[in-house]
Amino acid sequence: MVNPDDLRYTKMPLNNGSGAMPALGFGTLIPDPMATKNAAKAALEAGFRLLDTAERYRTETEVGEAMQEVFKQGKIKREDVFIITKLWNTNHRPERVKPACEASLKKLQLDFADLYLIHTPYAFQPGDDQDPRDANGNVIYDQGVTLLDTWRAMEGLVSQGKCKAIGISDVSLEQVQRIFEAARIKPAVVHVESHPYLPQWDLLNYCKTNGIVLQAFAALGHSSEPKLLEDPVIIAVAQRVKKTPAQVLLAWAIQRGTAPLTTSKNPSRIQENFQVSVLPDDAVREISDGIKSRVRFNAVVETGVPGFIPRGK
Ligand SMILES: NC(=O)c1ccc[n+]([C@@H]2O[C@H](COP(=O)([O-])OP(=O)(O)OC[C@H]3O[C@@H](n4cnc5c(N)ncnc54)[C@H](OP(=O)(O)O)[C@@H]3O)[C@@H](O)[C@H]2O)c1
């Protein structure tokens, strides 16, 4: 019999033969650099073996430093940890993809990423300004490159050993289908907002059918209103199974076949969020069927502008 406490160690096989990805992951979209570094270290020490960062978060340097410090202690090795980073919108032109990936790897102090994602399907004007705007404050998009052009360059990175697997983030089902059908190397992971208020069942079914892992960000609702952690169904299940609301949400996410990402600056919450164990099937069903509210917290899918990063950062 599987030990219910093993849920936190669940690994999800990747479709391109590059091994498996831990289901439970720690995100580093934390504005303060010192808090990022401390949180990344605390996450590794608490047991997390997946760290998610991005060029756009400007946390790669701190994540790299945190890993180095933890590796030096000797208990955790590079090969134990699954590192994800992402190509930002201003680097979609094929000739910019490899330099962008190499710049990320340098900051992370790594030879390769375990997974490299196209952060959003929107190409912005190429250049150093991550948030290019015209005089009216409108985003300047780049019409000179398609998502498939960028994908082809991402495929090249796998061949060059810069990353083991590639995927896409903040995409619709239709966009995933188009890339999947045209790709030489299929997307291994689709990384989108998902939680009981945004379950994305159609996308999840498509991913499962095609051997793609759906990685779910904002798994706890990003502390936004309405508060998912205070949903009456979640609270009732948590009381019944004697777990915290966060542990219930993370277990639900893994048990329905997604890979949840959570973030905290607080060491005791980081530990809490790794202490995830199996929910009874009826509790999983109660959350899937009993929560009818539908809320998207992050509008990045509509514009490519990241909803959780303040303007100007
Ligand atoms: N691709 C994209 O466009 C995209 C967009 C957004 C996020 N992401 C990734 O997904 C990661 C996770 O997203 P997220 O930050 O929205 O995750 P989240 O875990 O849903 O929300 C984080 C918030 O929840 C709070 N929190 C964490 N654990 C808690 C607990 N046990 N009890 C109560 N509150 C708790 C945190 O506050 P404290 O820090 O005070 O604990 C923080 O305010 C990000 O870091 C990033 O890596 C990707």
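Anyway, here's the lowdown on the structure attached to this text.

What counts and what doesn't
- Residues numbered from 1 in each chain as written.
- Predicted model: local features only at pLDDT ≥ 70, side-chain atom pairs only at ≥ 80, totals over all residues.
- Heavy atoms only, no water.
- Helix = DSSP H or I, 4+ residues; strand = E, 2+ residues; numbered from the N terminus.
- Salt bridge = Lys/Arg side-chain N within 4 Å of Asp/Glu carboxyl O.
- Buried < 20%, exposed > 50% of the residue type's maximum accessible area, 1.4 Å probe, protein only.
- Arc of directions from axis to C-beta.
- Contact = heavy atoms within 4.5 Å.
- Polar contact = N/O pair within 3.5 Å; in protein donor to acceptor, adjacent residues only side chain to side chain.
- Near = heavy atom within 4 Å.
- Areas by Shrake-Rupley, 256 points an atom, 1.4 Å probe, with all protein chains shown as cover.
- Nonpolar A, V, L, I, M, F, W, Y, C, P; charged D, E, K, R; others polar.
- Axes fitted to C-alpha atoms, helices over the stretch in contact; angles between N-to-C directions.
- Parallel < 35°, antiparallel > 145°, perpendicular 65-115°, else oblique.
- Left-handed = near helix turned anticlockwise from the far one by under 90°.
- Pairing = 2+ DSSP bridges.

### Remarks on the environment of Lys 77
Part 1 of the reasoning: Its place among the elements puts Lys 77 in the loop between α2 (60-72) and β5 (82-87).
Part 2 of the reasoning: Residues Lys 77 and Ala 216, spaced 139 residues apart in sequence, show a C-alpha to C-alpha distance of 26 Å.

### Examining the pattern of salt bridges
Part 1 of the reasoning: One pass over the structure, following the stated rule, counts twelve salt bridges.
Part 2 of the reasoning: A salt bridge links Lys 86 to Asp 52; its shortest N-O distance comes to 2.8 Å. Placement of Lys 86 in strand β5 and of Asp 52 in strand β4 (residues 50-52) is noted, with a sequence separation of 34 residues between them.
Part 3 of the reasoning: Note on Lys 86: relative accessible area 0%, which makes it buried.
Part 4 of the reasoning: Measuring nitrogen to oxygen at the nearest pair gives 3.2 Å for the salt bridge that ties Lys 227 to Glu 225.
Part 5 of the reasoning: When its relative accessible area of 29% is taken as the criterion, Lys 227 is described as partly exposed.
Part 6 of the reasoning: With a relative accessible area of 59%, Glu 225 lands in the exposed category.

### Describing helix α9 (residues 267-274)
Part 1 of the reasoning: Within α9, the full set of buried residues consists of Ile 270, Asn 273 and Phe 274. Looking down the long axis of α9, one finds its buried residues gathered within 100° of arc, a one-sided arrangement.
Part 2 of the reasoning: Against β3 (25-27), α1 (33-46), α8 (245-255) and β10 (259-262) lie the buried residues of α9.
Part 3 of the reasoning: Where α9 begins, the capping side chain belongs to Asn 266, and its oxygen is found 2.9 Å from the backbone nitrogen of Ser 268.

### Observations regarding the environment of Glu 181
Part 1 of the reasoning: Considering the arrangement of structural elements, one finds Glu 181 in helix α5 (residues 173-182).
Part 2 of the reasoning: Taking C-alpha positions, Glu 181 is 45 Å from Gln 239, a pair spaced 58 residues apart along the chain.

### Remarks on the site of the ligand
Part 1 of the reasoning: Surrounding the ligand, one finds 29 residues, the nearest of these being Asp 52, Asp 170, His 222, Thr 263 and Ser 264.
Part 2 of the reasoning: Contact distances for the ligand include 2.9 Å between a nitrogen atom and a side-chain N or O atom of Ser 169.
Part 3 of the reasoning: Contacts to the ligand include Asp 170, whose side-chain N or O atom sits 2.5 Å from an oxygen atom.
Part 4 of the reasoning: Computed on the free molecule, the ligand has an accessible area of 910 Å², of which 89% lies beneath the protein chains in the complex.
Part 5 of the reasoning: Elements that contribute at least two residues to the shell around the ligand include exactly β10 and α9.
Part 6 of the reasoning: Take the shell around the ligand: its biggest share by element is three residues, from α9.
Part 7 of the reasoning: Looking at the shell around the ligand residue by residue, the classes come out as ten nonpolar, 14 polar and five charged.

### So, the packing of α5 against helix α6 (residues 201-209)
Part 1 of the reasoning: Direction vectors running N to C along α5 and α6 enclose 20°, while the axes themselves pass 10 Å from each other. Between α5 and α6, the crossing angle belongs to the class labelled roughly parallel. Our pair here, α5 against α6, has a crossing hand that is left-handed. Note on element contacts: α6 touches α5 through Asp 202, Leu 203 and Tyr 206, opposite Leu 173, Val 176, Gln 177 and Phe 180.
Part 2 of the reasoning: Residues of the contact of α5 with α6, tallied by class, amount to five nonpolar, one polar and one charged.

### Some points on the pairing of strand β9 (residues 213-217)
Note on strand geometry: in a regular strand, side chains alternate between the two faces of the sheet.
Part 1 of the reasoning: Here β9 lies mainly inside the structure; five of its five residues are buried.
Part 2 of the reasoning: In β9, alternate side chains face the same way, and those of Val 213, Gln 215 and Phe 217 on one face and Leu 214 and Ala 216 on the other are all buried.
Part 3 of the reasoning: Where strand β8 (residues 189-193) and β9 come together, five bridges link them in parallel fashion. By the bridge assignment for β9, Val 189 is matched with Val 213.

Purely spatial values, then, with no claim about function.
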